[in-house]
Amino acid sequence: MLAENHRSGPKQIKSPAVVGAVLNPGNCLDLAEESSLELLRAAYDVLDDFYGSLDISLPENEAGFKGDADLVKRHLDCAVVNFLHEFRETKKQPPFDTVRAPFIEGDSLFPGSKLMDKCHVQWCVRDPKRSIIAYFRPRDPKATEV
């Protein structure tokens, strides 16, 4: 598997790479599950009330590049997830070891479809010592063995 850099500009990655990992999700905030989404929605409500009491605006998600309909700079989403972690800590609730989130992005695979061409799942490992069992560099399937 080869990593490729699809963006150009001043922050272009000179040597992209791929690393694989074997994870133990532990206590996972899984944003593909309704119970986790409810926690996040409740965290947003509390955070929104707090910002409102201070008469300041919440962060906003924004485009990362021209034509970015997916709003890849996810400032609001990040603030809500981080707030949920902090809120749980103040309430002495067990911390989440990992966060798993599906991202439905890109263009329709075919006309009328809700299946998109850039769907993927991202993991955030909050406690590497507990959650990362092993890591490795995947072999390039195009490479020929000698």
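Reference entry: report on the structure contained in this document. All figures in this text were calculated on a predicted structure; none of them were measured in a lab.

1. Comments concerning helix α1 (residues 34-53)
Taking 1.5 Å of rise per residue, the 20 residues of α1 would be expected to cover 28 Å, and the 29 Å separating its terminal C-alpha atoms lies within 8% of that figure. Listing the buried residues of α1 in full gives S36, L40, A43, L47 and Y51. With its buried residues spanning 70° around the axis, α1 presents them on a single face. Opposite its buried face, α1 presents the exposed residues E34, R41, D49 and S53, each directed more than 90 degrees away. Close packing links the buried residues of α1 with β2 (28-30) and α2 (75-90). Residue D55 follows α1 closely and has a positive phi angle near 60°.

2. So, the sheet that holds β2
Strand order in the open sheet formed by three strands is β2-β5-β6, with mixed pairing between adjacent strands. Sheet topology places β2 and β6 (120-125) at the edges, where each strand pairs with a single neighbour. Between one strand axis and the next, the sheet turns by 15° as a mean value, whatever way the strands run.

3. Examining the side chain of S36
Take S36: it is sitting in helix α1. S36 sits in the buried class, given a relative accessible area of 4%. Ignoring sequence-local partners within four residues, the contact set of S36 consists of C28, L29, D30 and L31.

4. Quick notes on the pattern of salt bridges
Inspection of the entire model under this criterion finds four salt bridges. Residue R74 is joined to E105 by a salt bridge in which the shortest nitrogen-to-oxygen separation is 2.7 Å. Taken together, the residues span a long stretch of sequence, with R74 in strand β4 (residues 73-74) and E105 in the loop between β5 (98-103) and β6 at a distance of 31 residues. Under the relative-accessibility criterion, R74 is labelled partly exposed at 21%. A salt bridge links D97 to R130, with the nearest nitrogen and oxygen atoms 3.2 Å apart. Of this pair, D97 sits in the loop between α2 and β5 while R130 sits in helix α3 (residues 128-131), and the two are 33 residues apart along the sequence.

5. Overview of unusual backbone geometry
Backbone geometry places D55, a non-glycine residue, at a positive phi of 60°. Within the secondary structure, D55 is located in the loop between α1 and β3 (61-62). We classify D55 as exposed; its relative accessible area is 71%.

6. Some points on α2
Over its 16 residues, α2 runs 22 Å from end to end, which matches the ideal 22 Å to within 8%, given 1.5 Å per residue. Of the residues making up α2, those classed as buried are A79, V80, V81, F83, L84, H85 and R88. Close packing links the buried residues of α2 with β2, α1 and β5. In the segment just after α2, K92 is the residue with positive phi, at about 60°.

Procedures and definitions
Residues numbered from 1 in each chain as written. Predicted model: local features only at pLDDT ≥ 70, side-chain atom pairs only at ≥ 80, totals over all residues. Heavy atoms only, no water. Helix = DSSP H or I, 4+ residues; strand = E, 2+ residues; numbered from the N terminus. Expected span 1.5 Å × (residues − 1). Buried < 20%, exposed > 50% of the residue type's maximum accessible area, 1.4 Å probe, protein only. Arc of directions from axis to C-beta. Contact = heavy atoms within 4.5 Å. Pairing = 2+ DSSP bridges. Axes fitted to C-alpha atoms, helices over the stretch in contact; angles between N-to-C directions. Salt bridge = Lys/Arg side-chain N within 4 Å of Asp/Glu carboxyl O.

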